[in-house]
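Each chain, letter by letter, is given below.
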Amino acid sequence: MDIFKTNTSVTKHLEPLLNKGKTIGFVPTMGALHKGHLSLIKKAIAQNNVVIVSVFVNPTQFNNTKDLEKYPRTLQKDVALIQTLSDKIIVFAPNTNEIYGNTIQSKKYSFDGLEFQMEGKFRDGHFDGVGTILDYFFSTLKPTNAYFGEKDFQQLQIVKKLVSKYNLDVNIIGCEIFREASGLAMSSRNTRLTDTGKTEASFIYKTLLQAKKKFGTKSASKVEEWVTKQFAKNKHFKLEYVTIAEVTTLKTVKRKSKKQKYRIFIAAFIDNVRLIDNIALN
Ligand code: AMP
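The model shown is predicted, which means the values in this text are computed figures rather than measured ones. The written sequence of each chain sets the order in which its residues are numbered from 1. Residues qualify for local features only when their pLDDT is at least 70, as the model is predicted, and side-chain atom pairs are given and counted only at 80 or more; totals for whole chains, interfaces and linings, by contrast, use all residues. Just so you know, side-chain values use all the structure's heavy atoms and leave hydrogens and water out.

Draft legend 1. Quick peek at empty space enclosed by the protein. The rule is simple: put a 1 Å grid over the protein atoms alone, call a set of points where a 1.4 Å probe fits but cannot get out a cavity, call an open set with protein on both sides within 12 Å along at least five of seven lines a pocket, and count a residue as lining if it has an atom within 4 Å of a point. Grid points are joined across faces, edges and corners, and a volume is the space filled by probe spheres set on the points. Enumeration over the complete set of coordinates arrives at one cavity of 30 Å³ or more. In this model, the largest cavity occupies a volume close to 50 Å³. As for the largest cavity, its lining consists of Lys151, Leu184, Ala185, Ser187, Asn190, Ala201, Ile204, Tyr205, Leu275, Ile276 and Asp277. The secondary structure listing takes helices from DSSP runs of H or I that are at least 4 residues long and strands from runs of E that are at least 2 residues long, numbered from the N terminus. Within the residue set of the lining of the largest cavity, elements represented by two or more residues are α10 (203-215) and β9 (273-280).

Structure (structure tokens):
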């Protein structure tokens with residue numbers, strides 16, 4: 001399997017493929033890969049001639065230095081896991097210096113307000129960091145299609161906005177959330193949970209499903225209140241936010257309309273680990 005660490009080496013490898021008209025599927029990740037990531041890679045394999053997976057813990061998208069330090073880094077294991085799917089996949093695993101040089105800084109982006117909702121309220125500068133790294137990857141690797149999980153639904157919408165607003169030549173493809181049998185959304189951060197934490201964490205998904213039922217007959221604010229109460233009663237969790245939002249603007253729902261699509265979003269801490277999840281409501 002080809003593993004590249006530098007911009008020059010990876011572009012040298014990709015250029016002839018692009019010139020031959022091969023389609024390139026790109027899956028950006030921060031490593032510590034799990035079956036959720038693999039589901040994106042499998043989709044990319046099915047839809048492209050060439051697949052490239054990046055493994056890079058992007059410092060500019062972390063607003064919390066402890067979270068950045070503690071983020072799991074398991075490149076060898078990741079490569080072995082990717083290899084179980086195919087040994088033709090290209091891995092791009094640059095170091096921070098290769099991407100940022102000596103100045104680890106984000107560019108500034110406007111995503112027409114999407115960046116101020118939900119995660120944007122709690123993770124200052126996060127989406128500028130996401131925009132910066134994806135801008136870099138898209139212009140360097142020139143993928144035909146790029147794959148993103150609905151697990152980070154706000155990020156998916158922001159990437160679509162980045163592409164349309166800045167006229168980037170790549171198709172963005174959203175992929176369903178991959179879950180543990182318990183319902184817990186797979187996440188690299190789950191490896192930091194205690195055994196009890198991991199069992200208790202399925203509470204997020206169970207609560208989302210119950211909220212979906214309630215949304216059939218109750219207003220968005222009543223359902224949000226109900227979810228807040230459930231979390232207040234659970235000693236393992238500290239809820240950061242629960243929001244029912246319209247899927248394109250990500251604005252909180254004031255009054256339901258049959259014509260619009262909604263999702264419910266949760267961010268909560270358990271074992272000092274911050275987990276996020278969301279599901280479609282209609
Ligand atoms: P990360 O390595 O956490 O930055 O994630 C890389 C990509 O994998 C992002 O597009 C995520 O949304 C996606 N992803 C992470 N976890 C899951 C999951 N459980 N199901 C589907 N996609 C996921």
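Draft legend 2. Here's a closer look at the nonpolar core. What we call a nonpolar core is a set of buried Ala, Val, Leu, Ile, Met, Phe, Trp, Tyr and Cys residues that are connected through their side-chain atoms within 4.5 Å. Accessibility here uses a 1.4 Å probe with only protein chains present; expressed as a share of the type maximum, an area under 20% marks a residue as buried, one over 50% as exposed, and anything in between as partly exposed. Among the nonpolar cores identified, the biggest contains 42 residues, and Ile52, Leu134, Phe137, Phe138 and Ile172 are the most heavily contacted of them. Among the elements that make up this core, the one with the highest residue count is helix α7 (residues 126-141) (eight residues). The split into domains, and so the bounds of each, comes from an automatic or database assignment of domains. Counting residues domain by domain, this core receives three or more from each of domain 1 (2-175) and domain 2 (188-276). Apart from residues no more than four positions distant in its own chain, Leu134 is found in contact with Pro28, Phe148, Val159 and Leu162. In terms of nonpolar packing, the next biggest core, distinct from the first, is built from 25 residues, Trp226, Phe237, Ile244 and Ala268 among them. Contact definition: two residues touch when any of their heavy atoms are within 4.5 Å.

Draft legend 3. View of the packing of aromatic side chains. Working definition: rings of Phe, Tyr and Trp (its six-membered ring) pair if their centres are within 6.5 Å, and the pair is stacked with planes under 30 degrees apart, edge-to-face with planes over 60 apart, and tilted otherwise. Under the defined criterion, the tally for this structure stands at 13 aromatic pairs. Aromatic side chains Tyr109 and Tyr166 sit 5.8 Å apart centroid to centroid with 85° between the ring planes, which places their arrangement in the edge-to-face category. Placement of Tyr109 in the loop between α5 (96-100) and α6 (119-122) and of Tyr166 in the loop between α8 (153-165) and β6 (171-175) is noted, with a sequence separation of 57 residues between them. Residue classification places Tyr166 among the partly exposed residues on the basis of a relative accessible area of 36%. Seen in terms of ring centroids, Phe203 and Phe237 are 5.6 Å apart; in terms of plane orientation they differ by 35°. Their pairing is tilted. Of this pair, Phe203 sits in helix α10 while Phe237 sits in strand β7 (residues 237-246); the two residues are 34 residues apart in sequence, bridging distant segments of the chain. Ring pairs connect the aromatic residues Phe26, Phe92, Tyr136, Phe137 and Phe138, which therefore count as one cluster. Here the guanidinium or amino end of Lys256 rests over the ring plane of Phe215, the centre of that ring lying 4.3 Å away. Either the NZ atom of lysine or the CZ atom of arginine qualifies as a charge over a ring when it sits within 6 Å of the ring centre and within 35 degrees of the ring normal.

Draft legend 4. Structural view of unusual backbone geometry. Despite not being glycine, Lys142 has its phi angle at roughly 50°, a positive value. A positive phi angle, close to 55°, is found at Asn167, a residue other than glycine. Mapped onto the elements of the fold, Asn167 is located in the loop between α8 and β6.

Draft legend 5. Inspection of the site of the ligand at higher detail. The environment of the ligand is made up of 17 residues, and the closest members are Met30, His37, Asp152, Phe178 and Met186. In the model, an oxygen atom of the ligand is placed 2.6 Å from a nitrogen or oxygen of the Asp152 side chain. Only the protein chains shown count as cover for residues, with accessible areas throughout obtained via the Shrake-Rupley method and a probe of 1.4 Å. Protein contact buries 93% of the 480 Å² of open area that the ligand shows by itself. Elements with a contribution of two residues or more to the shell around the ligand: β2 (24-29), α2 (35-47) and β5 (145-149). Ranked by the residues each element gives to the shell around the ligand, the list is headed by α2, at three residues. Throughout, near means a residue has at least one heavy atom within 4 Å of the molecule or strand. Pairing of N or O atoms within 3.5 Å defines a polar contact, subject to two protein rules: one partner must be a possible hydrogen donor and the other a possible acceptor, and residues neighboring in sequence count only if both atoms are side-chain atoms.

Draft legend 6. Representation of the packing of α7 against α8 in the model. Lines are fitted to the C-alpha atoms to define the axes, a helix being fitted only along its stretch in contact, and any angle between axes, read from their N-to-C directions, falls within 0 to 180 degrees. Between α7 and α8, the shortest axis-to-axis distance is 11 Å and the interhelical angle comes to 55°. Relative to α8, the element α7 lies oblique. In the packing of α7 onto α8, the handedness of the crossing is right-handed. The segment α7 lies against α8, with Phe127, Val130, Gly131, Leu134, Asp135 and Phe138 engaging Gln154, Gln155, Ile158, Val159, Leu162 and Val163. Oblique is the label for any angle not under 35 degrees, not over 145, and not in the 65 to 115 range, which are roughly parallel, roughly antiparallel and roughly perpendicular in turn. If you view the pair so one helix is near and one far, a crossing is left-handed when the near helix is turned anticlockwise from the far one by less than a right angle, and right-handed when it is turned clockwise.

Draft legend 7. Structural context of helix α11 (residues 220-233). With 14 residues, α11 ought to run about 20 Å at 1.5 Å a step, and its terminal C-alpha atoms sit 20 Å apart, in line with that. All of the buried residues along α11 are Ala220, Val223, Glu224, Trp226, Val227, Gln230 and Phe231. The arc that holds the buried residues of α11, viewed along the axis, is 160°, so those residues lie on one side. Along α11, the residues that are exposed and aim more than 90 degrees away from the buried face are Lys229, Ala232 and Lys233. Where α11 is buried, its residues touch α10, β7 and β8 (262-270). Multiplying one less than the number of residues by 1.5 Å gives the expected span of a helix. Arc definition: directions from the helix axis to the C-beta atoms.

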